[in-house]
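# Close look at the chain arrangement
Letter by letter, the chains look like this.
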Amino acid sequence: MVSGWGRYPFIEATMLNPASLDEFRQALSRQKHCIARGLGRSYGDSALANEMISLRRMDHFIAFDAKNGILSCEAGVSLSDILKVIVPQGWFLPVTPGTKYVTFGGAVASDVHGKNHHIEGCFSEFVQSLTLMLSDGSLCECSRDNNPALFHATCGGMGLTGLILRGTLVLKKMSSAYIHQVMIKADNLDAVFSLFEQNAASTYSVAWIDCLAKGKTLGRSLFMLGEHSQEGGYLLPPEKHLTVPLVMPATLLNSYSIAAFNALYFHRQRQKEQHRFVHYHPFFYPLDSLLHWNRLYGKKGFTQYQCVLPKAAGLLGMKEILKKITLSRRGSFLSVLKSCGPHNQNHLSFPIEGYSLALDFKIEPELFDLLNELDSIVAEYQGRVYLTKDVRLSEAMFKRMYPRWEEFLAIRIRYGADQKFHSYQSDRLGL
Ligand SMILES: Cc1cc2nc3c(=O)[nH]c(=O)nc-3n(C[C@H](O)[C@H](O)[C@H](O)COP(=O)(O)OP(=O)(O)OC[C@H]3O[C@@H](n4cnc5c(N)ncnc54)[C@H](O)[C@@H]3O)c2cc1C
């Protein structure tokens, strides 16, 4: 039985683990339909199919030019493994998601973004080239100059164009492994939006929202900024982790415990503004210190709802969404607000210029009714839902939110991918 990170749904599936090009070809020829799988950190059903091809044994580094910060690796190498090689040499990932336990291939296929999207854009902005295995087993190189349509469809294409086997990434020079972090308390949504605007030039920004605060405190947040420090050297973090050993009873999570946690989190900082010198690990990957934290949501699992609204919808749209969630008394331990820069050229990449909100919800009756209502608000404001977190978006909503889906499908057909690469998600979305 296998699932995405949200542990919903669990399905019976065959997982093939090829290690050589021949084995990949054999795996492809044996399956009518299949989908690539990395480390399974996508929350929903984008990496789920009855037949899956794991890329985890394609985990070799190919080349590292430590002078110019250019790294080539196979697609199953994780960001965690990459950091172990590059940090001691003074380099960092130009874009990183909130967990380092994702593969290079998964980061490309979801075109992940981080706390610097407003400045640097998505992961694919730093990908120079990719090698794909197409549905017939042939290899195809692509980049912005070579097969550009395939490149732009693959970055953010959720594994639906082919198997990404390897790629080349341009890294970011850093002056130390430490971050100068500033935390500012924002009393409500208006205040946190002003902070994002005032700090638009900061390298990293994010806000942790208390999604159950109401009335005048609707949207109260801890707003966090970060800049790479000049001091502290290039130490890697210790490999010590806590683990959630068992699936916890879902009843531990209810509107009271979530409200209490959120209030505690907001008030844990006494001062209005706090400056700290922190290692990059707690700054970028706070959740990675607790392994299997997804078990906290109980047997039925959970889902993350992440949407982005364009700048024009701004405060008004975000207030409408937050009010709906507050009223429902559901919601998440930590909800995250980020600022996004302009959209890139990829057909299905998620970010558009504006604000993105992400919240976790445990799976329970009528949750999807609430999420459907949120979809309508998001679509009304011309925003979209992030596919790598999704497990239930309807085909009609997807096609409204991602108007370039037809172009994407045409590329899928041109490369024969529609005959081979299918996930539960792609079938649900009509791709
Ligand atoms: C705690 C946590 C924090 C996160 N924070 C962020 C964040 O800040 N920003 C963000 O953008 N995302 C974030 N994510 C989501 C995560 O970065 C993406 O879901 C990522 O794609 C997962 O990579 P993976 O290797 O686990 O891929 P999987 O989950 O296994 O697969 C994800 C998708 O990529 C495809 N895929 C994987 N490998 C390949 C390959 N080699 N070739 C072709 N297709 C492939 C799969 O088919 C699937 O469609 C977060 C996830 C977690 C659990």
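Criteria and cut-off values
- Residues numbered from 1 in each chain as written.
- Predicted model: local features only at pLDDT ≥ 70, side-chain atom pairs only at ≥ 80, totals over all residues.
- Helix = DSSP H or I, 4+ residues; strand = E, 2+ residues; numbered from the N terminus.
- Rg over C-alpha atoms; globule rule 2.2 N^0.38 Å.
- Buried ≥ 20, exposed ≤ 12 C-beta atoms within 10 Å, placed from the backbone.
- Expected span 1.5 Å × (residues − 1).
- Arc of directions from axis to C-beta.
- Contact = placed C-beta atoms within 7 Å.
- Pairing = 2+ DSSP bridges.
- Axes fitted to C-alpha atoms, helices over the stretch in contact; angles between N-to-C directions.
- Parallel < 35°, antiparallel > 145°, perpendicular 65-115°, else oblique.
- Left-handed = near helix turned anticlockwise from the far one by under 90°.
- Near = placed C-beta within 6 Å.
- Nonpolar A, V, L, I, M, F, W, Y, C, P; charged D, E, K, R; others polar.
- Domains from an automatic or database assignment.

So, on to the overall build of the chain. Counting secondary structure elements, the chain contains 13 helices and 20 strands. On C-alpha atoms alone, the chain measures out to a radius of gyration of 21 Å, which is about the 22 Å that the 2.2 N^0.38 rule sets for 431 residues. Seen through its principal axes, the chain has C-alpha atoms that stretch 60 × 50 × 45 Å. A total of 431 residues make up the chain; the buried ones form 48% of that total.

Glancing now at helix α10 (residues 367-380). When the terminal C-alpha atoms of α10 are compared, their 20 Å separation across 14 residues agrees well with the 20 Å that a helix rising 1.5 Å per residue should span. Every buried residue of α10 is accounted for by Leu 371, Leu 374, Asp 375 and Val 378. Looking straight down α10, one finds that the buried residues subtend no more than 110° of arc, so they occupy a single side. In α10, the exposed positions that point more than 90 degrees away from the buried face belong to Asp 369 and Ser 376. The elements touched by buried residues of α10 are β17 (302-310), α9 (314-328), β20 (384-385) and α11 (395-401). One or two steps after α10, the chain reaches Gln 382, where phi turns positive at roughly 60°.

A separate point is the sheet that holds strand β3 (residues 51-54). The strands making up a sheet associate through backbone hydrogen bonding, with each pair oriented either parallel or antiparallel. Spatially, β1-β3-β2 is the arrangement adopted by the three strands of the open sheet, whose pairing is parallel. With partners counted over all chains shown, the strands left at the sheet margins are β1 (14-16) and β2 (35-37), one partner each. Between one strand and the next, the sheet's axes are offset by a mean angle of 35°, whatever the strand orientation. Here three bridges tie β2 to β3, and the two strands are oriented parallel to one another. Looking at β3, one finds that Ile 35 is bridged to Met 52.

As a further point, take the sheet that holds strand β5 (residues 70-74). Strand order in this open sheet of five strands is β4-β5-β9-β7-β8, and the pairing throughout is antiparallel. The sheet terminates laterally at β4 (61-65) and β8 (139-143), the two strands that pair on one side only. Mean inter-strand twist for the sheet, computed between neighbouring axes without regard to direction, equals 10°.

The next subject is helix α1 (residues 21-30). Because an α-helix packs 3.6 residues into every turn, residues spaced three or four apart end up facing the same way. Among all positions in α1, only Phe 24, Ala 27 and Leu 28 are buried. Looking down the long axis of α1, one finds its buried residues gathered within 95° of arc, a one-sided arrangement. α1 presents Asp 22, Ser 29 and Arg 30 as exposed residues on the side facing more than 90 degrees away from its buried surface. Taken together, the buried residues of α1 touch β1, β3, β7 (127-133) and β9 (163-170).

Where α9 contacts α10, the two axes come as close as 10 Å, and the packing angle between them is 165°. As far as their axial angle goes, α10 and α9 are roughly antiparallel. Note on packing geometry: the crossing formed by α9 with α10 is right-handed. Packed against α9, whose contacting residues are Glu 320, Ile 321, Lys 324 and Ser 328, the element α10 presents Leu 370, Glu 373, Leu 374 and Ile 377 at the interface.

It is worth spelling out the site of the ligand at this point. With respect to spatial proximity, 33 residues lie near the ligand, and among them Gly 38, Gly 98, Gly 105, Gly 106 and Gly 159 are the closest. Ranked by residues supplied to the shell around the ligand, first place goes to helix α3 (residues 104-109) with four residues. Looking at the shell around the ligand residue by residue, the classes come out as 16 nonpolar, 15 polar and two charged.

Attention now goes to the environment of Gly 219. Tracing the sequence through the fold places Gly 219 in the loop between β12 (204-209) and β13 (221-228). Sequence-wise, Gly 219 and Ile 209 are 10 residues apart; in three dimensions their C-alpha atoms are separated by 5.8 Å. Look past the residues within four positions of Gly 219 in its chain and what remains in contact with it is Asn 188, Leu 189, Val 192, Ile 209, Ala 213 and Leu 322.

Moving on: the domain arrangement of the chain. Once the domains are mapped, the chain shows domain 1 (61-174) and domain 2 (178-392). Those elements giving two or more residues to the side of domain 1 that touches domain 2 turn out to be α4 (117-120) and α5 (148-154). For the side of domain 1 that touches domain 2, the element with the most residues is α4, which contributes three residues. Across the side of domain 1 that touches domain 2, the residue classes break down as nine nonpolar, 14 polar and five charged.

What follows concerns the pairing of strand β11 (residues 178-186). Judged from the seven bridges that link them, β11 and strand β15 (residues 273-279) form a sheet pairing that is antiparallel. Bridge assignment links Gln 181 to a residue of β15, and that residue is Arg 276. In the sheet, β11 pairs with β13 via eight bridges, with the strands oriented antiparallel. Across the sheet, Ile 179 pairs through a bridge with His 228, a residue of β13.

Below, the discussion takes up the packing of helix α6 (residues 189-198) against α9. At a closest axis distance of 11 Å, the pairing of α6 and α9 adopts a crossing angle of 140°. The orientation of α6 relative to α9 falls into the category oblique. For the pair α6 and α9, the sense of crossing is right-handed. For the pair α6 and α9, the contacting residues are Leu 189, Asp 190 and Phe 193 in the first and Gly 314, Leu 315, Met 318, Lys 319 and Leu 322 in the second. Along the lines of polarity and charge, the residues of the contact of α6 with α9 split into five nonpolar, one polar and two charged.

The subject of this paragraph is the pairing of β17. For β17, the buried fraction is high: eight of the nine residues fall into the buried class. In the sheet, β17 pairs with strand β19 (residues 354-362) via nine bridges, with the strands oriented antiparallel. Note that in β19 the partner of Leu 309 across the bridge is Tyr 355. In the sheet, β17 pairs with β20 via two bridges, with the strands oriented antiparallel. Of the residues in β20, the one forming a bridge with Val 308 is Arg 384.

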